[in-house]
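# Observations on the three-dimensional arrangement
Listed here are the chains, written in short residue letters.
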Amino acid sequence: MLVNRARKGDQAAFDALLRRHYNHIYAICRRLAGNEADALDAAQEALITLVRRIDRFDGRSKFTTWMHRVVTNACLDELRRRGRRPVPSPVEEQPLAAVERPVAESAGDRVDIEAALAQLPEAFRVPVVLCDQLGLTYEEIAEEMDIAIGTVRSRISRGRRRLAELLSGNPDNPSQRHTGKKP
């Protein structure tokens, strides 16, 4: 198995492992960072972290679960360290990895979703991306973020609601649709 060989110091196995997962790593960083430039920087930091910490992977979970946690933390640390906030890209320059769930029918929809995701607070954006884009279970997200499952559910629910508000074109209060009547 590639992971075991990489853990034992086999550089060729580790290179193959990173190549196999790079698109997924980039996709996580792209969704969390909200723009191309920060995603590339964060992905680079994530790769460095994976190289430095492969010996800490103990095999109790799937490699991809461990990798998600390392990449998510490395990405968020990189963004915090540089004081960056997610900023939506005006144009999707590169398609996200094929391993992600499809979330939109058109490129325009993807750009709208990217922009809306970038406006979510980090506490909501991270669990929504991990669940809806990367397909992690609530349990995996709770483990990755080191928070309770109930907190994951709440944050995903609130994040999805806020995304719906932003995508509906009424970011202030979509529950009160304009009906022409005064409240």
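Source: prediction; values computed, not measured.

Calculation rules
Residues numbered from 1 in each chain as written. Predicted model: local features only at pLDDT ≥ 70, side-chain atom pairs only at ≥ 80, totals over all residues. Heavy atoms only, no water. pLDDT = per-residue confidence, 0-100. Contact = heavy atoms within 4.5 Å. Salt bridge = Lys/Arg side-chain N within 4 Å of Asp/Glu carboxyl O. Buried < 20%, exposed > 50% of the residue type's maximum accessible area, 1.4 Å probe, protein only.

## Structural notes on the confidence of the model for the protein
Interpreting fine coordinate detail is not advised for predicted regions of low pLDDT. On average, residues of the protein score 78 in pLDDT, and 77% of them are at 70 or above. A low-confidence stretch, residues 87-105 (pLDDT under 50), is modelled with 43 contacts involving residues beyond four sequence positions or located in other chains.

## Here's the deal with the pattern of salt bridges
Within this structure, the stated rule accounts for 7 salt bridges. In this structure, Arg-30 engages Glu-36 in a salt bridge whose closest nitrogen and oxygen atoms are separated by 3.9 Å. Judged by its relative accessible area of 1%, Arg-30 is buried. Residue classification places Glu-36 among the buried residues on the basis of a relative accessible area of 11%. A salt bridge links Arg-60 to Asp-58; the nearest nitrogen and oxygen atoms lie 2.6 Å apart. Given the relative accessible area of 76%, Arg-60 is considered exposed. According to the relative accessible area criterion, Asp-58 is partly exposed, its value standing at 41%. Within this structure, Glu-45, Glu-78 and Arg-81 form a network of salt bridges that share partners.

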